[in-house]
Amino acid sequence: MKNDVYIVAGPTASGKTAVGIELAKQMNGEIISADSMQIYRGMDIGTAKPSMHERQGVVHHLIDIAEPDEPYSVAMFQKAATACIEDILSRGKTPVVVGGTGLYLNALTYELDFTETSHDPVLREELMQKDAAELHQMLFEQDEAAAGRIHPNDKKRIVRRLEILKNEGDRSEYQFRKPNEAYRFIMAGLTTDRAVLYERINERVDRMAGQGLVGEVTALAQKYTAAPTSMQAIGYKELLRYLQGDITLERAIYEIKRNSRHYAKRQWVWFRRDERITWYDTAEYNNDASLIAQAIMRQGNHF
RNA sequence: AGGGGUAUGAUGUAAUGGUAACAUUACGGUCUCCAAAACCGUCCUUGAGGGUUCGAGUCCUUCUACCCCUG
């Protein structure tokens with residue numbers, strides 16, 4: 001019999017953190033964060049990282065495991081999260097994966113093939129200099145199928161594909177979305193009325209500002225000169241521009257709110273098409289994390 | 001109150017009298033190692049009325065609103 005692995009997904013500010021903690025408390029579980037930004041140490045306020053107090057003694061994995069200037073990727077997450085699941089199960093506890101990074105969750109629930117591809121920063125840099133049309137032409141010559149699938153303007157994916165082709169040849173034979181059969185995934189999605197969520201996002205950004213987000217970003221900017229991935233995070237990239245004097249603080253806050261709304265929208269789109277997810281409208285549960293956790297446990301039992 | 005100026009989508013702007021355009025927002029979507037990233041698509045406009053003209057965002061006129069100057 002396969003072991004259960006609970007997954008709590010949903011857009012930002014939908015209440016995943018609290019529900020995950022309740023779920024873990026009620027079923028003797030531990031939490032694995034599937035969040036591409038809570039990975040980084042020191043990025044606390046802006047990523048809405050749960051404080052030690054909020055964690056209520058529940059063990060959290062994959063939070064604060066990298067420095068902001070260290071590279072991190074899905075491939076590393078896939079490996080680390082799988083190890084965490086095994087570790088938690090071996091101690092007789094239940095893994096509860098909580099997170100809003102869709103690709104990370106897919107890396108766990110599907111058998112995405114991230115076999116050792118040597119990163120080739122030199123090649124990448126070189127290719128990024130070229131214009132999109134030229135790159136797409138190069139891709140077309142080497143892999144017609146991929147060229148058809150990837151939009152000519154999508155430089156990032158074209159370059160990535162060329163990198164794979166150069167370093168390990170064609171591996172187009174792999175299945176597209178092959179489910180990971182190793183565990184029984186119980187997938188729950190949290191959602192609520194769009195206008196309500198957007199309002200909550202706006203309020204949360206104001207709260208983060210009040211809690212000292214500007215100070216947090218200032219400290220990080222002083223400590224790390226180059227942090228390519230982590231400083232793309234919403235709340236950080238905008239405030240960096242403010243600190244450099246490019247935009248006003250008011251404008252930065254406005255952009256953080258807007259970018260957070262866009263992000264939430266993309267998360268919806270991503271998760272909505274995943275028919276394995278059972279959705280819970282948090283308003284129907286009075287936004288009570290404990291009640292929602294109980295409903296998700298019933299979902300697990302009825303599977 | 002007198003004089004001058006401006007009026008184009010939600011916002012900022014463009015259009016020798018000749019198909020009203022661009023960016024942002026909003027909305028919809030894509031996704032196999034930077035994913036809070038990257039990329040694609042859709043909607044919405046000439047302040048109101050009258051006139052000149054084959055044809056008006058553009059020229060004339062009245063009104064309205066806003067801005068500046070004077071007292």
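Basis of the calculations
- Residues numbered from 1 in each chain as written.
- Chains lettered and ligands numbered in written order.
- Predicted model: local features only at pLDDT ≥ 70, side-chain atom pairs only at ≥ 80, totals over all residues.
- Heavy atoms only, no water.
- Near = heavy atom within 4 Å.
- Polar contact = N/O pair within 3.5 Å; in protein donor to acceptor, adjacent residues only side chain to side chain.
- Helix = DSSP H or I, 4+ residues; strand = E, 2+ residues; numbered from the N terminus.
- Nonpolar A, V, L, I, M, F, W, Y, C, P; charged D, E, K, R; others polar.
- Salt bridge = Lys/Arg side-chain N within 4 Å of Asp/Glu carboxyl O.
- Buried < 20%, exposed > 50% of the residue type's maximum accessible area, 1.4 Å probe, protein only.
- Core = buried A, V, L, I, M, F, W, Y, C linked by side-chain atoms within 4.5 Å.
- Contact = heavy atoms within 4.5 Å.
- Pairing = 2+ DSSP bridges.
- Axes fitted to C-alpha atoms, helices over the stretch in contact; angles between N-to-C directions.
- Expected span 1.5 Å × (residues − 1).
- Arc of directions from axis to C-beta.
- Parallel < 35°, antiparallel > 145°, perpendicular 65-115°, else oblique.
- Left-handed = near helix turned anticlockwise from the far one by under 90°.

Caption draft 1: Layout of the protein's contact with RNA strand B. If you check the shell around RNA strand B, you find 46 residues, and the closest are S36, F176, H262, R272 and R273. The sugar-phosphate backbone supplies 60% of the atoms of RNA strand B found within 4 Å of the protein. N153 is positioned with one of its side-chain polar atoms (N or O) 2.5 Å from a phosphate oxygen of RNA strand B. Within the side chain of K237, a nitrogen or oxygen atom sits 2.7 Å from a phosphate oxygen of RNA strand B. In terms of residue count, helix α11 (residues 249-272) provides more of the surface near RNA strand B than any other element does, 9 residues in total. Each residue belonging to the surface near RNA strand B can be placed in one class, and the counts come to 16 nonpolar, 14 polar and 16 charged.

Caption draft 2: Up close: the pattern of salt bridges. For the structure on display, the rule yields 18 salt bridges. Among the salt bridges present, the one from R276 reaches D274, with a minimum N-O distance of 2.7 Å. Under the relative-accessibility criterion, R276 is labelled partly exposed at 29%. Within the structure, one salt-bridge network assembled from shared partners comprises E30, D87, R91 and K93.

Caption draft 3: Spatial organisation of the nonpolar core. If you look at the biggest cluster of nonpolar residues, it comprises 51 residues, and the most contacted ones within it are I32, V97 and Y236. Only β1 (4-9), α2 (74-90), α3 (102-109), β5 (184-191), α8 (194-210), α9 (213-223), α10 (237-243) and α11 provide two or more residues apiece to this core. Among the elements that make up this core, the one with the highest residue count is α2 (7 residues). Setting aside chain neighbours within four positions, we find I32 in contact with H61, L62, A81, C84, I85, I88, P95, V96, V97 and V98. Grouped together as the second largest cluster of nonpolar side chains are 21 residues, I21, L190, A295 and M297 included.

Caption draft 4: Inspection of the sheet that holds β5 at higher detail. What the 6 strands build is an open sheet, ordered β3-β2-β4-β1-β5-β6; its pairing is parallel. Looking at strand neighbours, the two that pair on one side only are β3 (60-61) and β6 (278-281), the edges of this open sheet. Sheet contacts for helix α1 (residues 16-26): β1, β2 (29-33), β3, β4 (94-98) and β5; angle to β4, the most-contacted strand, approximately 175°. Where α2 meets the sheet, it contacts β1, β2, β3 and β4, and its direction lies at approximately 180° from that of β2.

Caption draft 5: Region of the structure containing α2. The end-to-end C-alpha distance of α2 is 24 Å, a good match for the 24 Å that 17 residues give at a rise of 1.5 Å each. All of the buried residues in α2 are V74, F77, Q78, A81, C84, I85, I88 and L89. Taken around the axis of α2, the buried residues stretch over an arc of 135°, which confines them to a single face. Along α2, the residues that are exposed and aim more than 90 degrees away from the buried face are K79 and S90. Residues of α2 that are buried in the fold lie against β1, β2, β3, β4 and α3. G92 occupies a position one or two residues after α2 and carries a positive phi of about 75°.

Caption draft 6: Layout of the packing of α2 against α3. For the pair α2 and α3, the least separation of the axes is 9 Å and the interaxial angle reads 55°. Judged by the inter-axis angle, α2 sits oblique to α3. Seen from above, α2 lies across α3 with right-handed handedness. In this structure, α2 contributes V74, F77, Q78, A81, T82 and I85 to the contact, and α3 contributes L103, Y104, A107 and L108.

Caption draft 7: Region of interest: α1. Turning to α1, its buried residues are K16, V19, G20, I21, E22, L23 and A24. Turning to α1, the residues buried within the fold contact β1, β2, β3, β4, β5 and α12 (289-302). Of the residues one or two after α1, N28 is the one with positive phi, at around 55°.

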